[in-house]
Amino acid sequence: MKQLKAVIVEDSRLARNELKELIKNYKVMELIGEAENVDEAFDLIRNTCPDIVFLDIHMPEKDGFELLEMLDEVPIIVFTTAYDEYAIKSFEYNAFDYLLKPINSTRFSKTMERIIENFSQLENTTEKKEDEFDIEKQIFIKDGERCWLVKIKDIAVFEIVGNYTRIFFDNNKPLMYKSLAQIEKKLPATHFFRANRQQIINIHQVKNVVTWFNGKLKIEMKSGKEIEISRRQSVLFKEWLTF
């Protein structure tokens, strides 16, 4: 198994040192950097692309949740905090795990077991292009008071809403404050297809395809949502189906 790259985001030097000592016990994990505030962390994560981030929730000026909102692509997140009331909120964000400070070595060991198992299962996934989203990675979506960390592969449809994009996954459809054009550039063609001017679909979540009017196709997604493919894109989609 490859060596896993980790980053610590924590405003307390004592807490950072505590985590560093725990990480040292695991040869499979390499600590590649640490940051004591959100802005430092944003630059560090963007430049080093870590596999795991140990993220403090409560920090001065900006908190850990605000950091997630700044990132295009979110690695595995293990929240760390001394504030137990944040626990429920963190799991609403679909964090990989949650560690309460001071961190117990036995509890940390259990987290590490889960991390190692998770990456062992992903080792045989296809390599992505440098500028593409990794379908196993997560993106952060915040719509009003609700927030999600969603794996790229679990998103069924991206849909234009003005200058923003609506994201369809499970029974949710929040708005993401980025244009579809921005998102489309990073979506892997092995999973996503431009159905028309307004929508991009996850071809792995297509349930049924039927011939529609004027040479068009109509798609039924596994969620039940129906998508009409434009005439031009229908030709390309048929080629893809027979490939």
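Residues numbered from 1 in each chain as written. Predicted model: local features only at pLDDT ≥ 70, side-chain atom pairs only at ≥ 80, totals over all residues. Heavy atoms only, no water.

Here's the deal with the overall build of the chain
Here's step 1: Within the chain, the regular secondary structure consists of seven helices and 15 strands.
Here's step 2: Relative to its full complement of 243 residues, the chain shows a buried share of 45%.
Here's step 3: For the chain, the proportion of contacts with a sequence separation of at least 24, taken over those separated by at least 6, is 51%.
Here's step 4: By element, 48% of the accessible surface of the chain is carried by carbon and sulfur atoms, the whole surface being about 13600 Å². (Helix = DSSP H or I, 4+ residues; strand = E, 2+ residues; numbered from the N terminus. Buried < 20%, exposed > 50% of the residue type's maximum accessible area, 1.4 Å probe, protein only. Contact = heavy atoms within 4.5 Å. Areas by Shrake-Rupley, 256 points an atom, 1.4 Å probe, with all protein chains shown as cover.)

Here we look at the sheet that holds strand β5 (residues 97-100)
Remark on secondary structure: sheet strands pair via backbone hydrogen bonds, oriented parallel or antiparallel.
Here's step 1: One open sheet holds the five strands; their spatial order is β2-β1-β3-β4-β5, and the pairing between them is parallel. Among the strands making up the open sheet, the edge pair consists of β2 (29-35) and β5. When the angles between neighbouring strand axes are averaged without regard to direction, this sheet yields 20 degrees.
Here's step 2: Where helix α2 (residues 38-48) meets the sheet, it contacts β1 (4-9), β2 and β3 (52-56), and its direction lies at approximately 145 degrees from that of β2. (Pairing = 2+ DSSP bridges. Axes fitted to C-alpha atoms, helices over the stretch in contact; angles between N-to-C directions.)

Topic: the side chain of Ser234
Here's step 1: Positionally, Ser234 belongs in helix α7 (residues 231-241).
Here's step 2: Apart from the residues lying within four places of it in its own chain, the contact partners of Ser234 are Gly215, Lys216, Leu217 and Ile229.

Some words on the nonpolar core
Here's step 1: The biggest cluster of nonpolar side chains holds 24 residues, and the ones touching the most others in it are Val9, Leu55, Leu67, Leu68, Ile77 and Phe79.
Here's step 2: With five residues, the top contributor of residues to this core is α2. (Core = buried A, V, L, I, M, F, W, Y, C linked by side-chain atoms within 4.5 Å.)

Quick word on helix α1 (residues 13-23)
Here's step 1: Inspection of α1 places Ala15, Arg16, Leu19, Leu22 and Ile23 among the buried residues, and these make up the whole buried set. Viewed along the axis of α1, the buried residues span an arc of 125 degrees, placing them on a single side of the element. For α1, the exposed residues lying more than 90 degrees away from the buried face are Arg13 and Leu14. (Arc of directions from axis to C-beta.)

Focus: the sheet that holds strand β10 (residues 175-176)
Here's step 1: The sheet built from five strands is open, its strands ordered β10-β9-β8-β12-β11 with antiparallel pairing. In this open sheet, the two strands that pair with only one neighbour each are β10 and β11 (192-194).
Here's step 2: Summarising the sheet, strand β8 (residues 157-161) and strand β12 (residues 199-202) pair through three bridges and their orientation is antiparallel. Of the residues in β12, the one forming a bridge with Glu159 is Gln199.

Section: the confidence of the model for the chain
Here's step 1: Scored by pLDDT, the chain comes out at a mean of 87, with 90% of its residues at no less than 70.
Here's step 2: When the elements of the chain are averaged for pLDDT, helix α4 (residues 87-92) gives the smallest value, 61, and β12 the largest, 97. (pLDDT = per-residue confidence, 0-100.)

Observations concerning the packing of aromatic side chains
Here's step 1: Tallied over the full model, the rule gives eight aromatic pairs.
Here's step 2: Seen in terms of ring centroids, Trp148 and Phe169 are 5.9 Å apart; in terms of plane orientation they differ by 80 degrees. Their pairing is edge-to-face. Of the two residues, Trp148 is situated in strand β7 (residues 146-151) and Phe169 in the loop between β9 (164-168) and β10; the sequence distance between them amounts to 21 residues. For the pair Trp148 and Phe169, one class covers both residues: buried.
Here's step 3: Plain terms: the ring middles of Tyr164 and Tyr177 are 4.8 Å apart, the flat faces sit at 80 degrees to each other, and that makes the pair edge-to-face. In this pair, Tyr164 sits in strand β9 while Tyr177 sits in the loop between β10 and α6 (180-184), placing the two residues 13 residues apart along the sequence.
Here's step 4: Tyr177 gets classed as partly exposed once you look at its relative accessible area, which sits at 48%.
Here's step 5: Of the aromatic side chains, those joined through ring pairs into one cluster are Tyr26, Phe54 and Phe108.
Here's step 6: Above the ring of Phe96, the side-chain terminus of Arg114 is found at 4.4 Å from the ring centroid.
Here's step 7: When the ring centre of Phe168 is taken as reference, the NZ or CZ atom of Lys225 above it lies at 4.2 Å. (Phe/Tyr/Trp six-rings, centres within 6.5 Å; stacked < 30°, edge-to-face > 60°. Lys NZ or Arg CZ within 6 Å of the ring centre and 35° of its normal.)

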